[in-house]
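Observations on chain architecture
Okay, here's what each chain looks like letter by letter:
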Amino acid sequence: MLQLFIDGGWAMWPLAFLLALGLAIAAERLITLSRAAIDAKGFFEQLEEAIRSGGAAQAAQLCAETRGPVASVIHAGLLRLDRGIDNVEKALENAGAVEMAFLERGMIWLSTVANLAPMVGFLGTVSGMIGAFQAIKVAGDVEPSLVAGGISEALITTASGLIVGILIQFCYNFFASRIDRIIADMQEHTASLIDVLIEIELKDNT
């Protein structure tokens, strides 16, 4: 493996950097999104029960004790309940935007690595082929031993760039799917919260 890295030439170094960067970001996203994922449906059932039995204070306490963006967004809305439903909706929107930005942090870098790695690999391919043709030009003859090094460098960098790009693209797609699910949970349950609050308000006014 080390010999392949050496034979790949200069392009292997930026590819190694891109791989390390991509894996580091992927590890951080995996930890963060694993902590953010909860049983949103079960949490909301407990939340609705808390609102109906103990009011906004008890529900807010439940949110404070629950990890994840769904609980954080709803908690921000409940803290504004004394100002009316309109203020709750605004608080939910603002908190949701903040949580979405937090969930998507680092994703642009994963996308960048996935796109750059094959391009760097192809650049290394071109460099290797140029080296092979330069060797032919200097020697004035075509011998396999003269061009083997350049062609080997070209193939190794192409393969390496594609491997890095495919791996990081898989990570990006996996995390994007997880983020979409969490965002969907936020939107669904914040809307359900508004419905519950309006229902309680209507009952109190009758």
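What this report covers is the structure whose coordinates are included nearby. (Residues numbered from 1 in each chain as written. Predicted model: local features only at pLDDT ≥ 70, side-chain atom pairs only at ≥ 80, totals over all residues. Heavy atoms only, no water.)

1. Concerning a nonpolar patch on the surface
The condition is simple: A patch is a set of surface residues, each over 30% in relative accessible area and not in a salt bridge, joined within 9 Å for like charges and within 5 Å for the nonpolar side chains Val, Leu, Ile, Met, Phe, Trp and Tyr. Only the protein chains shown count as cover for residues, and all accessible areas are computed by the Shrake-Rupley method using a 1.4 Å probe. Salt bridge, as applied in this entry: a Lys or Arg side-chain nitrogen positioned within 4 Å of an Asp or Glu carboxyl oxygen. Helix and strand definitions follow DSSP, with helices as H or I runs of at least four residues and strands as E runs of at least two, each counted in order from the N terminus.
Taken together, Leu30, Phe170 and Phe174 make up a surface patch of nonpolar side chains, about 310 Å² in accessible area. With respect to the helices and strands, the residue Leu30 is situated in helix 2 (residues 12–36).

2. Quick word on the packing of aromatic side chains
Quick note on the threshold: The aromatic pairing rule takes the rings of Phe, Tyr and Trp, using the six-membered ring of Trp, and pairs them if the centres are within 6.5 Å, calling planes under 30 degrees apart stacked, those over 60 edge-to-face and the rest tilted.
Inspection of every chain in the model, using the stated rule, returns 1 aromatic pair. Considering the side-chain rings of Phe174 and Phe175, the 5.5 Å spacing of their centres and the 65° angle between planes classify their relative orientation as edge-to-face.

3. So, the packing of helix 4 (residues 69–78) against helix 5 (residues 85–103)
Test applied: Axis definition: a line fitted to C-alpha atoms, limited for helices to the stretch in contact. Angles are taken between N-to-C directions and run from 0 to 180 degrees. Comment on the angle field: the value is read as roughly parallel under 35 degrees, roughly antiparallel over 145, roughly perpendicular from 65 to 115, and oblique elsewhere. Left-handed describes a crossing in which the near helix is turned anticlockwise from the far one by less than a right angle; the clockwise case is right-handed. The criterion used for residue contact is that any of the two residues' heavy atoms lie within 4.5 Å. Think of it as three bins: nonpolar holds Ala, Val, Leu, Ile, Met, Phe, Trp, Tyr, Cys and Pro, charged holds Asp, Glu, Lys and Arg, and polar takes everything else, Gly as well.
Two elements in contact, helix 4 and helix 5, have axes whose closest approach is 7 Å; the angle formed by their N-to-C orientations is 150°. In terms of their interaxial angle, helix 4 and helix 5 are classed as roughly antiparallel. Our pair here, helix 4 against helix 5, has a crossing hand that is right-handed. Side by side, helix 4 and helix 5 meet where Pro69, Ser72, Val73, Ile74, Ala76 and Gly77 of the first sit next to Val88, Ala91, Leu92, Ala95, Gly96, Glu99 and Leu103 of the second. For the contact of helix 4 with helix 5, the per-class residue count stands at 9 nonpolar, 3 polar and 1 charged.

4. Comments concerning helix 5
The condition is simple: For a helix, the expected span equals 1.5 Å multiplied by the number of residues minus one. Burial here depends on accessible area, computed with a 1.4 Å probe over protein chains only, as a share of the maximum for the residue type. Under 20% is buried, over 50% is exposed, and the range in between is partly exposed. Here, the arc refers to the directions that run from the helix axis to the C-beta atoms.
If you check helix 5, its first and last C-alpha atoms are 26 Å apart, about what 19 residues at 1.5 Å a residue would give, namely 27 Å. Of all the positions in helix 5, only Ile85, Val88, Ala91, Leu92, Ala95, Gly96, Glu99 and Leu103 are classed as buried. End-on view of helix 5: buried residues confined to an arc of 135°, all on one side of the axis. Facing away from the buried side of helix 5, by more than 90 degrees, are the exposed residues Asp86, Lys90, Glu93, Asn94 and Val98.

5. Here we look at the nonpolar core
Applied cut-off: As used in this record, nonpolar core signifies buried Ala, Val, Leu, Ile, Met, Phe, Trp, Tyr and Cys residues forming a set joined through side-chain atoms within 4.5 Å.
Counting residues in each nonpolar core, the largest one holds 46 residues, and the members touching the most others are Phe43, Leu47, Ile51, Ile74, Leu78, Leu103 and Leu193. Where this core is concerned, the elements lending two or more residues are helix 2, helix 3 (40–64), helix 4, helix 5, helix 6 (107–139) and helix 7 (144–205). The residues touching Ile74, leaving out its near neighbours within four places in the chain, are Phe43, Phe44, Leu47, Cys63, Leu92, His189, Thr190 and Leu193.

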